[in-house]
Amino acid sequence: MNPLDLLARLGRLVMSVMASFGRVTLFTLDAASHILRPPYYPRELGIALLNIGWLSLPVVGLTAIFTGGALALQIYAGGARFNAEAVVPQIVAIGMVRELGPVLVGLMIAARVTSSIAAEIATMKVTEQIDALVTLSTHPMKYLTAPRVLAALITVPMLVGIGDIIGIMGGYTVAVQNLGFNAAAYLQNTVDFLETRDVVSSLVKGAVFGVIAAVMGCYYGMNSGRGAQGVGRATKGSVEAAAVLILAANFVLTGVFFSI
């Protein structure tokens, strides 16, 4: 292949990625402006809070408790090679609060909520319900996007906090019941080891991940193609984009909070 052709393809790819990033950024800023300005739709916000927050609790809880238990077993098995089994409480706590809790909750929300939002809004576009909103002088961004983004901003940090607690308790249960740890000493080591910065970073990550998940669902839904294939592509693309952006944002936020 001609080196110039390869360079041209690379340039087109970079320009396409930058253009997409710019469109998503403008969409996010537009959504934020509609959150801050009236009119407001409390009913839509309440429904979004229920769907994103309350109905996500079962999958978040199950994911967290099994992850915490597996993490305790893995740390104990690895620490036994160096006579360092006693570090299980500390590592489970920091692993769940700093990384695994926020990331797993974010990915669960991307799988459950982002796909749902994208499919719902894309279907509304295909069936011309969004055009009907415009006809009724209702801004689609304010009615569809703003409540969902605000609900994710509020509820996902709560889900992360709950997931952190359940994950730590999963590790506690395994350590006490199967690995012979003292219950009081395990809890005391967990409390002594965690710092305020760990908890704050976890909740901030939850807020950022929630916004990413909701924005990606709304963006791909609003920009979906026509027909069933358009809805399918919008749903698939929203989940892929949300998952990748959540992992990238996790790397950036970890560097911000814990850079040496």
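Residues numbered from 1 in each chain as written. Predicted model: local features only at pLDDT ≥ 70, side-chain atom pairs only at ≥ 80, totals over all residues. Heavy atoms only, no water.

### Structural notes on the pattern of salt bridges
Alright, step 1. The final tally for this structure, using the stated rule, is five salt bridges.
Alright, step 2. Ionic pairing is found between Arg98 and Asp198, a salt bridge with its closest N-O pair at 2.8 Å. With a gap of 100 residues between them, Arg98 in helix α4 (residues 88–126) and Asp198 in helix α8 (residues 196–222) connect regions that are remote in the sequence.
Alright, step 3. A salt bridge links Lys205 to Glu99; its shortest N-O distance comes to 3.0 Å. Of the two residues, Lys205 is situated in helix α8 and Glu99 in helix α4; the sequence distance between them amounts to 106 residues.
Alright, step 4. Given the relative accessible area of 0%, Lys205 is considered buried. (Salt bridge = Lys/Arg side-chain N within 4 Å of Asp/Glu carboxyl O. Helix = DSSP H or I, 4+ residues; strand = E, 2+ residues; numbered from the N terminus. Buried < 20%, exposed > 50% of the residue type's maximum accessible area, 1.4 Å probe, protein only.)

### Comments concerning the packing of aromatic side chains
Alright, step 1. For the structure shown, the criterion picks out six aromatic pairs.
Alright, step 2. Judged by centre distance (6.2 Å) and plane angle (70 degrees), the ring pair of Tyr76 and Phe181 falls under edge-to-face. On the criterion of sequence distance, the pair formed by Tyr76 in helix α3 (residues 57–80) and Phe181 in the loop between α6 (140–178) and α7 (183–193) is long-range, its members being 105 residues apart.
Alright, step 3. Taking the relative accessible area as the measure of exposure, Tyr76 reaches 27% and is therefore partly exposed.
Alright, step 4. Judged by its relative accessible area of 18%, Phe181 falls in the buried class.
Alright, step 5. A ring pair is formed by Tyr219 and Tyr220, whose centres lie 5.5 Å apart and whose planes are at 85 degrees; its orientation type is edge-to-face.
Alright, step 6. Judged by relative accessible area, Tyr219 falls into the buried class, the value being 12%.
Alright, step 7. What makes Tyr220 partly exposed here is its relative accessible area of 26%. (Phe/Tyr/Trp six-rings, centres within 6.5 Å; stacked < 30°, edge-to-face > 60°.)

### Looking at helix α1 (residues 3–36)
Alright, step 1. Its 34 residues give α1 an end-to-end C-alpha distance of 50 Å, which sits within 8% of 50 Å, the value for a rise of 1.5 Å per residue.
Alright, step 2. Those residues of α1 lying buried are Val24, Phe27, Ala31 and His34.
Alright, step 3. Summarising the contacts, the buried residues of α1 are in contact with α6 and α8. (Expected span 1.5 Å × (residues − 1). Contact = heavy atoms within 4.5 Å.)

### Focus: the UniProt feature "transmembrane region" (unreviewed entry) in the protein chain
Alright, step 1. Using the residue numbers shown here, the UniProt feature "transmembrane region" (unreviewed entry) corresponds to residues 12–32, 52–73, 149–172, 199–220 and 241–259.
Alright, step 2. End-to-end, the C-alpha atoms of residues 12–32 are 30 Å apart, and along that stretch the chain is 100% helix and 0% strand.
Alright, step 3. Helix makes up 100% of residues 199–220 and strand 0%. Its end C-alpha atoms lie 32 Å apart. (UniProt positions renumbered as here; feature names shortened; annotations may be inferred.)

### A word on the packing of helix α2 (residues 42–52) against α6
Alright, step 1. For the pair α2 and α6, the least separation of the axes is 8 Å and the interaxial angle reads 40 degrees. The orientation of α2 with respect to α6, classified from their angle, is oblique. The two elements α2 and α6 meet at a crossing, and its hand is right-handed. Facing Glu44, Leu45, Ala48, Leu49 and Ile52 of α2, the residues of α6 in contact are Tyr143, Pro147, Arg148, Leu150, Ala151, Ala152, Ile154, Thr155, Val156 and Leu159.
Alright, step 2. Here the residues of the contact of α2 with α6 sort into twelve nonpolar, one polar and two charged. (Axes fitted to C-alpha atoms, helices over the stretch in contact; angles between N-to-C directions. Parallel < 35°, antiparallel > 145°, perpendicular 65-115°, else oblique. Left-handed = near helix turned anticlockwise from the far one by under 90°. Nonpolar A, V, L, I, M, F, W, Y, C, P; charged D, E, K, R; others polar.)

### Focus: the environment of Gly171
Alright, step 1. Along the chain, Gly171 turns up in helix α6.
Alright, step 2. Judged by its relative accessible area of 0%, Gly171 falls in the buried class.
Alright, step 3. Note: C-alpha distance between Gly171 and Leu247 (76 residues apart in sequence) is 24 Å.
Alright, step 4. With residues up to four places along the chain from it excluded, the contact list for Gly171 reads Gly68, Gly69, Ala72, Val92 and Tyr186.

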